[in-house]
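Residue-level structural notes
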Amino acid sequence: GAPFAADADAHAMLEHCLHVCKTSVASREFRTQLLRLLVTVFRRLPVPDYLGLCECLTQLGDAKAVAQVLGKLLLGSQRDFLLACQVSFDLVENGTQSFVGKVAALAVLKPAEGAAAPAADGEAMAVDAGAPPTEPVAEAVAVAEPTTEVGRKAKLSSILSGSLPISLHLEFLCRKNHTDLAILQHMKASIEPRNALCHSAIVHAHALMSAGTTADTFLRDNLEWLSRATNWAKFSATATLGVIHRGHLAQASQLLQPYLPTAGLSASPYSEGGALYALGLIHANHGTPVRTMLLDALRNAGSNEVVLHGACLALGLAMMATEDATVFDELKAVLYNDSCIAGEAAALAMGLVMAGSGSPRAVEEMLAYAHDTAHEKIIRSLAVGIAIVQYGREEEADGTISQLLLDCNDILRYGGAYTLALAYAGTANNGAIRRVLDIAVADVSENVRRAAVTALGFILCYQPAQCPRVVALLAESYNPHVRYGATMAVGVACAGTGNREAVEMMQAMATDSVEYVRQGALIAQALVLMQTSPQGPDSRAGVLRKNLERVIADKHEDAMTRFGAILASGLLEAGGRNVTVQLMSLRGHKKLPAIIGMAVFTNLWYWHPLVPFVSLAFSPTALIGLNADLKMPKWQFQSNAPPSAFAYPPPVKADAKSKADKVATAVLSTTAKAKKVAAVAKEAGKDKKDVSMGEADEAAAKKPKEPPKEKEPSNQALHNPARVLPQQEGLLTVLPDSRYEPVVKGAAAAPAGSYKLLRLSGFVLLEDTTPDETEELLEPAQTGGAAIPADMEEPAAPAPFEYTE
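From a predicted model like this one, the values you see are computed outputs, not experimental measurements.

Of regular secondary structure, the protein chain possesses 38 helices and 11 strands. For the protein chain, the residues scored as buried account for 55% of the 805 residues in total. For the protein chain, the computed accessible surface area is about 35,300 Å², with 54% contributed by carbon and sulfur atoms.

This is the structure:
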């Protein structure tokens, strides 16, 4: 057990081993053994790599060991605390709600017992009993003061609770919002007033375009148009407020108060159910603050199926992956009432609460009820719920997968295909791919075959370039359901990559003879081209925008295709043009909410109110620098690419949209010559007859030429917080002589004194090189909402009048 000798390549070697472990090792059991070995190696490094160590421990699910590392860093220097914050942000991004909660309880919320406590518990960190404990921080630095420790714990608590990351992302999306409302106005003008399907699609598209920006101006300006939504369309329209205000935790209840159920008062059950659903979307994956409120709403809903539907979906979203037994039992009670509408939502929510747990009890109870009930909606939701429970379980889920795939009920076999997709998501496991392909060509049910092809997208989401090649033959199948599945697979796997092969395949399928295949192809193209570069009118994204505009305006196009085109427009401009779909984190970890959200979204085939689930996969294309106080200082870094390479798409001109395209008029050469002669004659004050063609040419040659356009700079300074596209991430460097330095640095880069950013997106903790100087901090951005400004004047009283009957 002696420590390893110092080696400049040791960290790079361990980084490579960790990457290979995540991408190339198919066996879950063998991967666990490798991770334990890597933990041992990380512990023996003379210069500890806490980020790599905690990454391994997170994959092993060892909350106690991660908490111990955070406890040691909390007691260390300022740099150690910054590392603790960086580790915590990574935990929130990569870990489940249950795991992060355990770490927070062990490391942060538990009061400190003194300086010697972390050193005494050092051996408890070891995952492998043979791993020698090391105490580099305790030996190298002085212990923090008690008051400092309390402040640090409070800051770490705000990160691990999710409140700080959510509020920072919300501020970024509000600050950088570039939503183009002219696109929505054009869609609204293009759709017939009585087309309820496309009306609902525009409401969903607006929610996606404004996701997380808190900007609902379009809805406020079109209240009469919005009021056409009735019944379930009204439910969906109210629920979209949760997408628009997602993360606006401070004012969520106030924003939705007019719509939420109130004792003794009953408005529309559809708006009440939709408001509960919206509340769940706002608190998705961070629902502890609203747990009691949602449970009360569920219990007080009585037999109102619509309100129960919204309450169940809200509970599932808010308590996702918490494995909360009380919530699970409450949802199970709703399911056992055998109400079709309420049971459908309860079954799905049960899966969401137990997501990734692989709980045998949950699977057994859900499967047993699926065999007992006669409602297809409930059976389908139970099947998808079982798939969600088995998320990431790989070989452990094989028994459940086989049981579902061998069932005589095609809906349960449909669930078996989704269970394969989620259990092996991001693994590119050859056995899983082979099994899915067998189902795609052999099953007698078209729905099962469609689900099996869609499953390929989830299995290959970590190797997106492979997906178009795998589904190439399936995309040419005679069966339109298989072709639709191919579009969804490519859209899921290649989302946000701009993969050329995927785009070309979807462009060809957008002209398919079947309306729902065209719908899938348009949605998939939008997913692939989200936040890709370039975004100009002549780029692939620009061509798609023109095609979507044409399809939406074409009154002879099928309603299903137009529905897909409207949704695709919303996805292409999502989050104020500042978010993309990412199923994998920057460090190569699977994002549980994102993958599950996309899986539920693909079930819009059966139930359109599931469309908002796609917002769970939205990830801001942001780089946010934070100081030791977790505030955003004024800091800039460099993007080594021309500004136009990663610029926002140009805004749509509203007046140009209203005019029909005119056919170009043919211009004769003699006409052009006559105009030239007339212009020269006018300038010289002569008659046209006195000016020859030669004189006109000479005068034109003498005219001063326009000055050449300035050459575009080859780089650009970006200011904190900055929009950084995925293709831009490798081009970032820190400016020389910068006051702030990232706590995690990359390799040196030209010019001298600068270096590459190792953290290319997300949250970057910054170390202040001149802490004695006054810091310049950014003013917080104003978010939308129902709050009334304090200085707002009250309306004037009416003039005196007399009332007569």
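Okay, the pattern of salt bridges next. Using the criterion set out here, one finds 25 salt bridges in the structure. The shortest N-O distance in the salt bridge between Lys 332 and Asp 329 comes to 3.7 Å. Separated by three residues within a single helix, Lys 332 and Asp 329 lie in helix α20 (residues 325-335), roughly one turn from each other. Relative accessible area serves as the criterion here: at 13%, Lys 332 is assigned to the buried category. Owing to a relative accessible area of 34%, Asp 329 belongs among the partly exposed residues under this scheme. A single network of salt bridges, built from pairs that share partners, joins Asp 329, Lys 332, Arg 361 and Glu 365.

Turning next to unusual backbone geometry. In this chain, Asn 720 is followed by Pro 721 through a cis amide linkage whose omega measures -10°. Tracing the backbone shows Pro 721 in the loop between β5 (716-719) and β6 (722-723). Residue Asn 231 is not a glycine yet carries a positive backbone phi of 55°. As for its position among the elements, Asn 231 is in the loop between α14 (223-226) and α15 (232-244). Residue classification places Asn 231 among the partly exposed residues on the basis of a relative accessible area of 44%. At Asn 285, a residue that is not glycine, the phi angle is positive and equals roughly 70°.

What the rule picks out here adds up to 14 aromatic pairs. With centroids separated by 5.7 Å and ring planes inclined at 70°, the aromatic side chains of Phe 218 and Trp 225 adopt a geometry described as edge-to-face. The exposure class of Phe 218 is buried, given its relative accessible area of 2%. Ring centres 5.1 Å apart and planes at 80° place the aromatic pair Tyr 516 and Trp 605 in the edge-to-face group. Taken together, the positions of Tyr 516 in helix α31 (residues 515-529) and Trp 605 in the loop between α35 (592-601) and β2 (618-620) put the pair 89 residues apart, joining distant regions of the chain.

As a further point, take the nonpolar core. Nonpolar side chains tend to gather and get buried jointly when the protein is soluble and globular. In this structure, Leu 70, Met 598, Phe 613 and Phe 618 are the most contacted members of the largest nonpolar core, which totals 237 residues. If we skip the residues at most four places from it in the chain, Phe 613 touches Tyr 277, Leu 313, Leu 317, Leu 348, Leu 352, Gly 597, Val 600 and Phe 601. In terms of nonpolar packing, the next biggest core, distinct from the first, is built from 11 residues, Leu 623, Ala 722, Val 724 and Leu 766 among them.

One full turn of an α-helix is made of 3.6 residues, so residues set three or four places apart face in the same direction. Counting buried residues along helix α3 (residues 50-60), nine of its 11 residues qualify, which places the element largely inside the surrounding structure. All of the buried residues along α3 are Tyr 50, Leu 51, Gly 52, Leu 53, Cys 54, Glu 55, Cys 56, Leu 57 and Thr 58. Capping of α3 at its N-terminal end is provided by Asp 49; its side-chain oxygen lies 3.4 Å from the backbone amide nitrogen of Leu 51. At the exit of α3 stands Gly 61, carrying a positive phi of roughly 75°.

So, on to the sheet that holds strand β3 (residues 622-626). One open sheet holds the four strands; their spatial order is β6-β3-β11-β8, and the pairing between them is mixed. Whereas interior strands pair on both sides, the edge strands pair on one side only; in this sheet they are β6 and β8 (740-742). As defined by bridge partners, β3 adjoins strand β11 (residues 762-768) across four bridges and the pair is classed as parallel. Bridge pairing links Ile 624 to Phe 763 in β11. Here helix α5 (residues 78-94) sits on the sheet in contact with β3 and β11, set at roughly 175° to β11. Along the sheet, helix α10 (residues 163-175) contacts β3, β6 and β11; its crossing angle with β3, the most-contacted strand, is approximately 120°.

Before going further, it helps to examine the packing of α3 against helix α4 (residues 63-74). Packing of α3 against α4 leaves a shortest axis separation of 9 Å and a crossing angle of 155°. With respect to their mutual orientation, α3 and α4 come out roughly antiparallel. The chirality of how α3 crosses α4 is left-handed. Note on element contacts: α4 touches α3 through Ala 65, Val 66, Val 69 and Leu 73, opposite Tyr 50, Leu 53, Cys 54, Leu 57 and Thr 58. Of the residues contributing to the contact of α3 with α4, the split by class is eight nonpolar, one polar and no charged.

Moving on to the side chain of Ser 619. With respect to the helices and strands, Ser 619 occurs in strand β2. According to the relative accessible area criterion, Ser 619 is buried, its value standing at 11%. Only 3.3 Å separates the side chain of Ser 619 from the side chain of Lys 591, close enough to count as a polar contact. Sequence-distant contacts of Ser 619, defined by excluding residues within four places in its chain, comprise Asn 578, Val 579, Thr 580, Gln 582 and Lys 591.

With 17 residues, helix α2 (residues 28-44) should reach 24 Å at 1.5 Å per residue; the first-to-last C-alpha distance of 25 Å fits that figure. Contacts made by the buried residues of α2 are with α1 (10-23), α3 and α4.

On to the environment of Ala 421. You can see Ala 421 is positioned in helix α25 (residues 410-423). Dropping the residues within four chain positions of it, Ala 421 is found in contact with Ala 455, Phe 458 and Ile 459.

With that settled, consider the side chain of Ser 359. By secondary structure assignment, the location of Ser 359 is in the loop between α21 (340-353) and α22 (360-372). Looking at Ser 359, the relative accessible area reads 14%, which means it is buried. A distance of 3.2 Å separates a polar atom in the side chain of Ser 359 from the backbone nitrogen of Ala 362. Once you skip the residues sitting within four places of it in the chain, Ser 359 turns out to touch Met 354 and Val 389.

Before going further, it helps to examine the environment of Tyr 336. Of note, Tyr 336 is situated in the loop between α20 and α21. Looking at Tyr 336, the relative accessible area reads 43%, which means it is partly exposed. In sequence terms Tyr 336 and Thr 373 are 37 residues apart; their C-alpha atoms lie 9.2 Å from each other. Not counting the four nearest positions on each side in its chain, Tyr 336 is found in contact with Glu 365 and Tyr 369.

Its location among the elements puts His 283 in the loop between α17 (269-282) and α18 (291-300). Residue His 283 is classed as buried on the basis of its relative accessible area of 4%. Note: C-alpha distance between His 283 and Gly 247 (36 residues apart in sequence) is 6.5 Å. Residue contacts for His 283: discarding those within four places in its chain leaves Leu 249, Ala 252, Val 290, Leu 317 and Ala 318.

Chain-level statistics for the protein chain give a pLDDT mean of 83 and a share of 82% at 70 or above. This model gives residues 747-755 a pLDDT under 50, and the stretch forms 18 contacts once residues within four places in sequence are excluded. Note on residues 785-792: pLDDT under 50 across the span, and 11 contacts to partners over four residues away in sequence or across chains.

Quick look at the pairing of strand β4 (residues 636-639) now. As a general feature of sheets, a regular strand has side chains that alternate between the two faces. By the bridge criterion, four bridges tie β4 to β5 in an arrangement that is antiparallel. The residue bridging Ser 639 from the neighbouring strand is Gln 716, located in β5. Relative to strand β7 (residues 732-734), β4 is paired through three bridges, and the arrangement is antiparallel. Within the sheet, the bridge partner assigned to Ser 639 lies in β7 and is Leu 732.

What counts and how
Residues numbered from 1 in each chain as written. Predicted model: local features only at pLDDT ≥ 70, side-chain atom pairs only at ≥ 80, totals over all residues. Heavy atoms only, no water. Helix = DSSP H or I, 4+ residues; strand = E, 2+ residues; numbered from the N terminus. Buried < 20%, exposed > 50% of the residue type's maximum accessible area, 1.4 Å probe, protein only. Areas by Shrake-Rupley, 256 points an atom, 1.4 Å probe, with all protein chains shown as cover. Salt bridge = Lys/Arg side-chain N within 4 Å of Asp/Glu carboxyl O. Phe/Tyr/Trp six-rings, centres within 6.5 Å; stacked < 30°, edge-to-face > 60°. Core = buried A, V, L, I, M, F, W, Y, C linked by side-chain atoms within 4.5 Å. Contact = heavy atoms within 4.5 Å. Polar contact = N/O pair within 3.5 Å; in protein donor to acceptor, adjacent residues only side chain to side chain. Pairing = 2+ DSSP bridges. Axes fitted to C-alpha atoms, helices over the stretch in contact; angles between N-to-C directions. Parallel < 35°, antiparallel > 145°, perpendicular 65-115°, else oblique. Left-handed = near helix turned anticlockwise from the far one by under 90°. Nonpolar A, V, L, I, M, F, W, Y, C, P; charged D, E, K, R; others polar. Expected span 1.5 Å × (residues − 1). pLDDT = per-residue confidence, 0-100.

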